[in-house]
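As a plain string of letters, each chain reads:
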Amino acid sequence: MTHTDLEIDADLIRDLLGEQHPDLAGLPLELGARGWDNQLWRLGDDLAVRLPWATDSAVELLRKEHAWVPGLAPGLPLPIPVPQRLGEPAERFPRPWIVTTWVPGTPADRAPVTRGAEAARALGSFLTALHQPAPGGAPSGRGRGGPLAEHTTGFAGQLAEAAERGLVADPDAVRAVWDDAVAAPVWAGTPVWLHGDLHPANVLTADGTFCGVIDFGDLCAGDPAYDLSAAWLLLPDGEVDAFHDAYEPEADDAMLRRARGVAAVKALVGLLIGEAGVHGRPGGKASWGPPGRAALERLLATA
């Protein structure tokens, strides 16, 4: 991450709101989260402010959400943050920012699913609704949605690091999942809308099941297998089949093989970020480790 030199605090946000959206400036404001790309501040009961702070690509991602998410949200069965206002660059904060709806819930890396069958149906229904043919002008992903073979070098590096740190007991078995995914036929269908970044920190839970999906910065068009990988990352043991029963159209063997490969990559990333968090290294988040480990165990148990 490359954090901005600007200090983001409540006073700055109130000033920005007062200058550009004064009707919102008096609402209660509190920090919600500091993510990879953006800071999230809750605004009143129903809104949130998202400001890019960490990566060079954050501005592009926010503008993409503002352009495309409002049109997708009405057709989705789970709540998502819908952009309401666009904040323009200002002297004190020379980057655009957005005001979205607030989606209540707790990220699944901190509150895992306990009602597995219900969560499997909810996730399957959500992705069925989202995975509709994307228009010709739909955005492309940041390395998401295309052929998996393009990511083999990155996968090998992540696996080697995870093995070196003692996070993976059987690297050959993990590599076999990836090799099988790369060998599967590539997606030849119409590109569909993808969330592009479904992992436990981007899916919210309440009362043991899913209640919302957040962070659509990687929204793009491509191979649905990228999103189907979420079944191994988000659901308890034994519920992957229930998810696939709820998802339409039925995923074929090649799509499932590719989805398993994507899940293996995301599980490794979770392990590495989690381990970095445990040891206090920059960018680490300790809560990412357990779901990454569980996902990898599920993948290898069914290999």
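Now for a description of the structure that goes with this document. (Residues numbered from 1 in each chain as written. Predicted model: local features only at pLDDT ≥ 70, side-chain atom pairs only at ≥ 80, totals over all residues. Heavy atoms only, no water.)

### A short note on the pattern of salt bridges
For the structure on display, the rule yields 16 salt bridges. Across the pair Arg50 and Glu65 runs a salt bridge whose closest N-O atoms are separated by 2.7 Å. Residue Arg50 is located in strand β3 (residues 47–52), and its partner Glu65 is located in helix α2 (residues 58–72); the two are separated by 15 residues in the primary sequence. Taken as a pair, Arg50 and Glu65 share a single burial class, namely buried. For Glu275, the salt bridge goes to Arg165, with nearest N and O atoms at 3.7 Å. Linking Glu275 in helix α9 (residues 253–278) with Arg165 in the loop between α4 (152–164) and α5 (171–183), this pair joins segments that are 110 residues apart in sequence. A relative accessible area of 38% places Arg165 in the partly exposed class. A single network of salt bridges, built from pairs that share partners, joins Glu161, Arg165, Glu275 and Arg281. (Salt bridge = Lys/Arg side-chain N within 4 Å of Asp/Glu carboxyl O. Helix = DSSP H or I, 4+ residues; strand = E, 2+ residues; numbered from the N terminus. Buried < 20%, exposed > 50% of the residue type's maximum accessible area, 1.4 Å probe, protein only.)

### Focus on the sheet that holds strand β5 (residues 97–101)
If you walk across this open sheet you meet the five strands as β1-β2-β3-β5-β4, and the pairing is antiparallel. At either end of the open sheet lies a strand with only one pairing partner, and these are β1 (29–34) and β4 (83–87). The average angle at which neighbouring strand axes cross in this sheet is 25°, direction not considered. For β1 and strand β2 (residues 38–43), the ladder comprises five bridges, and the chain directions are antiparallel. Each bridged residue has a counterpart across the sheet, and for Arg34 the counterpart in β2 is Gln39. Across the sheet, α2 touches β2, β3, β4 and β5, and the angle it forms with β4 is around 140°. (Pairing = 2+ DSSP bridges. Axes fitted to C-alpha atoms, helices over the stretch in contact; angles between N-to-C directions. Contact = heavy atoms within 4.5 Å.)

### Here we look at the pairing of β2
Counting the residues in the hairpin turn of β1 and β2 gives three residues. In terms of strand pairing, β2 meets β3 through six bridges, oriented antiparallel. Bridging from a neighbouring strand, Gln39 pairs with Leu51 of β3. Connecting the antiparallel pair β2 and β3 is a turn made up of three residues, with Gly44 showing a positive phi of about 65°.

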